[in-house]
Amino acid sequence: MTIQILLAALFLAAVLWLGFRAAPETEGAPVRRARIKEATVFGLPPVPVFCAVLALGLILRFILGYNINGFEADISCFKAWAAYTHDYGFNNMYYRDFFLDYPPGYLYVLYIIEAFRRLFGVDQYAQSYTLMIKLAPILSDIACAAALWVLARKKLGEKSALLIAFAYLFCPAVIVNSSVWGQADSFCALLLLCTLLLLWYNHTPLAAFVYGFGILSKPQMLIFAPVLILGHPQKGLEKPRPRAHHRPCDDSPFLHAVYKEFRLPEAHRNLHRHHRLL
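In this text, all values refer to a predicted model and were calculated from it rather than measured experimentally.

**Q** Can you help me understand the overall build of the protein chain in this one?
**A** Summing up its helical and strand segments, the protein chain has 14 helices and zero strands in all. Along its sequence from the N terminus, the protein chain presents helices and strands in the succession α-α-α-α-α-α-α-α-α-α-α-α-α-α. Across the 278 residues that make up the protein chain, the buried fraction comes to 37%. The contacts of the protein chain with a sequence gap of at least 6 include a subset with a gap of at least 24, amounting to 66%.

Below you can see the structure in the form of structure tokens.
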């Protein structure tokens, strides 16, 4: 445990040091020189550099995922559940006499992995199948890093975006959780990131669907429910509504969906008209 703590501390120190080095130039620096410098990473085009970092992170995860069995109890459960989804079906799995403490969301992912295993004839006890079980969290890590890079480069510039993606991709905790232990947390993190992005772009029904699938994949996703119910990512960027037109659901996209579904705007307008008459 001491080695892991020291490794995490060294990684954090390195990220902070690189973050200060990647800080933007002062206001007195020439704008043109700053733009030219920001358009490249170490004098190279940013996209190939990021692709190389992404490939390095993927190769590292494949090596660790193949050579380390991971958390044996969970990996064995994932393999068994993947087989049971084909043998018994989703309707009968929760009535069978075996241990199953996951909701059905992540079982669909295991179903797809098991389908590929049977298609290519991979032995259930082979090390390659262990890597296949870890494939969903590994690819989720890559997708999260790519999404962070795309979002950050628009706001922070190329160097800072690469630093953020690098910090996530090579974080020891993220690597151990996905490619060593084979846990589903990275998959849920990707669903949460997609939910927040969909909310940011005002695709509330689709965001609710993705978040719901995240809860069905791992119930711990419920801890983020207050953020989604009581707030909106763009809430601080929008101009406040006049009080006369403010609705109780305006601050929450999910409450707004319920408000609209049950035709509460008409009731609210009638109530507001009644108060004006009083």
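**Q** Looking at this model, I keep getting lost on the packing of helix α3 (residues 46-67) against helix α7 (residues 135-155). Mind explaining?
**A** Each pair of packed helices can be described by the angle between their axes along with the distance between the axes. With their axes 10 Å apart at the nearest point, α3 and α7 run at an angle of 160 degrees to one another. When the axis of α3 is compared with that of α7, the two are roughly antiparallel. Of the two elements, α3 crosses α7, and the hand of that crossing is right-handed. From α3, P46, V47, F50, L54, G57, L58, R61 and F62 reach across to α7, where they touch L135, I138, L139, D141, I142, A145, A146, W149 and R153. A per-class count over the contact of α3 with α7 returns 13 nonpolar, one polar and three charged.

**Q** Can you walk me through helix α5 (residues 104-120) in this structure?
**A** Because the α-helix completes a turn every 3.6 residues, residues three or four places apart line up on one side. Spanning 17 residues, α5 covers 25 Å between terminal C-alpha atoms, matching the ideal 24 Å at 1.5 Å per step. Among the residues of α5, those classed as buried are G105, Y106, L107, V109, L110, I113, E114 and R117. Looking at the buried side of α5, the elements it contacts are α4 (72-87), α6 (127-133), α7, α10 (185-200) and α11 (204-217). The first or second residue beyond α5 is G121, which carries a positive phi of 70 degrees.

**Q** What should I look at first to understand the nonpolar core in this one?
**A** When a protein is soluble and globular, its nonpolar side chains tend to lie buried together. In terms of nonpolar packing, the biggest core is built from 32 residues, with F78, W81, Y106, L110, Y129 and I133 touching the most fellow members. Going through the elements one at a time, α4, α5, α6, α10, α11 and α12 (225-230) are the ones with two or more residues in this core. If you tally residues by element for this core, the top one is α10, at six residues. Sequence-distant contacts of W81, defined by excluding residues within four places in its chain, comprise M93, F98, F99, L100, D101, Y102, L107 and L110. Formed by 19 residues, the second largest nonpolar core is a distinct cluster that contains F50, A145, A161 and Y168.

**Q** What should I look at first to understand the packing of α4 against α5 in this one?
**A** Where α4 contacts α5, the axes come no closer than 8 Å and their chain directions differ by 80 degrees. Considered as vectors, α4 and α5 are oriented roughly perpendicular to each other. From α4, F78, W81, A82, A83, T85, H86 and D87 reach across to α5, where they touch Y106, L107, L110, Y111, E114, A115 and R118. Partitioning the contact of α4 with α5 into residue classes produces nine nonpolar, two polar and three charged.

**Q** Help me understand the environment of G105, please; the structure alone is not making it clear to me.
**A** Position of G105 relative to the elements: it lies in helix α5. For the pair formed by G105 and F213, sequence separation is 108 residues and the distance between their alpha carbons is 6.1 Å. Residues within four places of G105 in sequence aside, it is in contact with F213, L216 and S217.

**Q** Please clarify how the packing of aromatic side chains should be interpreted in this entry.
**A** Here the distance between the centres and the angle between the planes together describe a pair of aromatic rings. Taken as a whole and judged by the stated rule, the model has 16 aromatic pairs. Note on F78 and Y102: the rings are 5.7 Å apart at their centroids and 80 degrees apart in plane angle, and the pair reads as edge-to-face. On the criterion of sequence distance, the pair formed by F78 in helix α4 and Y102 in the loop between α4 and α5 is long-range, its members being 24 residues apart. In this pair, the class of F78 matches that of Y102, namely buried. Geometrically, the ring pair formed by Y102 and Y106 is tilted, given 6.2 Å between the ring centres and 50 degrees between the ring planes. This pair shows no difference in class: Y102 is buried, exactly as Y106 is. Ring pairs connect the aromatic residues F78, W81, F99, Y102, Y106, F187 and F213, which therefore count as one cluster. Geometry around Y129 places R117 over its ring, the cationic atom sitting 5.3 Å from the centre.

**Q** What is the right way to look at the pattern of salt bridges in this model?
**A** Opposite charge on two side chains lets them pair, provided their charged atoms get close. Within this structure, the stated rule accounts for six salt bridges. The salt bridge partner of E114 is R117, with a shortest N-O separation of 2.7 Å. Linking E114 with R117, this pair stays in helix α5, spanning three residues, or about one helical turn. We classify E114 as buried; its relative accessible area is 0%. A salt bridge links K218 to D185, with the nearest nitrogen and oxygen atoms 3.0 Å apart. Here K218 is found in the loop between α11 and α12, whereas its partner D185 is found in helix α10, with 33 residues between them in sequence. Here K218 falls in the buried class, since its relative accessible area comes to 12%.

Analysis parameters
Residues numbered from 1 in each chain as written. Predicted model: local features only at pLDDT ≥ 70, side-chain atom pairs only at ≥ 80, totals over all residues. Heavy atoms only, no water. Helix = DSSP H or I, 4+ residues; strand = E, 2+ residues; numbered from the N terminus. Buried < 20%, exposed > 50% of the residue type's maximum accessible area, 1.4 Å probe, protein only. Contact = heavy atoms within 4.5 Å. Axes fitted to C-alpha atoms, helices over the stretch in contact; angles between N-to-C directions. Parallel < 35°, antiparallel > 145°, perpendicular 65-115°, else oblique. Left-handed = near helix turned anticlockwise from the far one by under 90°. Nonpolar A, V, L, I, M, F, W, Y, C, P; charged D, E, K, R; others polar. Expected span 1.5 Å × (residues − 1). Core = buried A, V, L, I, M, F, W, Y, C linked by side-chain atoms within 4.5 Å. Phe/Tyr/Trp six-rings, centres within 6.5 Å; stacked < 30°, edge-to-face > 60°. Lys NZ or Arg CZ within 6 Å of the ring centre and 35° of its normal. Salt bridge = Lys/Arg side-chain N within 4 Å of Asp/Glu carboxyl O.

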